[in-house]
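As a plain string of letters, each chain reads:
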Amino acid sequence: MKRTIFVVMLSIAGFIAVWRFEPGPPVQNTAVAQAPPAVVAPSTSAAPPSTSAGGPTGGTSNSPTPSAPPPSTSDSTKATVTTQGTAEWSTYGTVQVQVTFAGSRLAAITLLQAPDGGRALTALPKLQEEAIKAQSAKIDTVTGATETSESYKTSLQAAIDARGN
């Protein structure tokens, strides 16, 4: 009888330890105090660049002049452009990415906002690696982190769409 009580107590202690388990070290997040400056592609025209109050995620410009189309020179294909995706909220936290393009390729994806714990800590690096490989937001969802994966893909697609190409 004494062994039974000992085994039951040990089992309960083990169950509680597993139940309260949290994954390892957090993913390195890049905090942003302000929005990065807009990057303007090199232009061959003499007209000054115009800025929009809406930012990279949308909005309208109060200026009646239409924006100039990107130049057709070979310089525009080598330009480095950085765009931000939308901040996507889920039950587990907000996800927002910043994408750096080298020419027409995704060169880097930086997390501006990310959940602090849970399965997102292991899911976000996998999503980043897959997105760089695929060169798009059409990537698989990470099992166990579905909401975080969907938020990541939506923010990434918004950043890609903000580039315009």
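This section reports on the structure supplied with the text. All figures in this text were calculated on a predicted structure; none of them were measured in a lab.

Quick look at a nonpolar patch on the surface now. Judged by side-chain polarity, Met1, Ile5, Val8, Met9, Ile12, Phe15, Ile16 and Trp19 come together as a nonpolar surface patch covering roughly 950 Å² of accessible area. For Ile16, the position within the fold is in helix H1 (residues 2–19). Owing to a relative accessible area of 39%, Ile16 belongs among the partly exposed residues under this scheme.

The subject of this paragraph is the nonpolar core. In terms of nonpolar packing, the biggest core is built from 21 residues, with Val97, Val99, Leu106, Ile109, Leu124, Tyr152 and Leu156 touching the most fellow members. At five residues, helix H3 (residues 120–134) tops the list of elements feeding residues into this core. Those residues in contact with Leu106 that lie beyond four places of it in its chain are Val99, Thr100, Phe101, Ala131, Ile132, Gln135, Ser136, Leu156 and Ile160.

The first and last C-alpha atoms of helix H4 (residues 146–163) sit 26 Å apart over 18 residues, in line with the 26 Å expected at 1.5 Å per residue. Along H4, the positions that sit buried rather than exposed are Thr148, Ser149, Ser151, Tyr152, Lys153, Ser155, Leu156, Ala159, Ile160 and Arg163. Following H4 by one or two positions, Gly164 adopts a phi angle in the positive range, close to 90°.

Another aspect to go through is the pairing of strand S3 (residues 93–102). Of all ten residues in S3, eight are buried; the element is thus mostly enclosed. Of the pairings in the sheet, the one linking strand S1 (residues 80–84) to S3 comprises five bridges and is antiparallel in character. In the sheet register, Thr82 faces S3, and the bridge partner there is Thr100. Looking at chain direction, strand S2 (residues 88–90) and S3 are connected through three bridges and run antiparallel. Among the inter-strand pairings, Trp89 is bridged to a residue of S3, identified as Thr94. In sequence, S2 turns back onto S3 through a hairpin of two residues.

Thresholds applied
Residues numbered from 1 in each chain as written. Predicted model: local features only at pLDDT ≥ 70, side-chain atom pairs only at ≥ 80, totals over all residues. Heavy atoms only, no water. Patch = residues over 30% accessible without salt bridge, like charges linked within 9 Å, V, L, I, M, F, W, Y side chains within 5 Å. Areas by Shrake-Rupley, 256 points an atom, 1.4 Å probe, with all protein chains shown as cover. Salt bridge = Lys/Arg side-chain N within 4 Å of Asp/Glu carboxyl O. Helix = DSSP H or I, 4+ residues; strand = E, 2+ residues; numbered from the N terminus. Buried < 20%, exposed > 50% of the residue type's maximum accessible area, 1.4 Å probe, protein only. Core = buried A, V, L, I, M, F, W, Y, C linked by side-chain atoms within 4.5 Å. Contact = heavy atoms within 4.5 Å. Expected span 1.5 Å × (residues − 1). Pairing = 2+ DSSP bridges.

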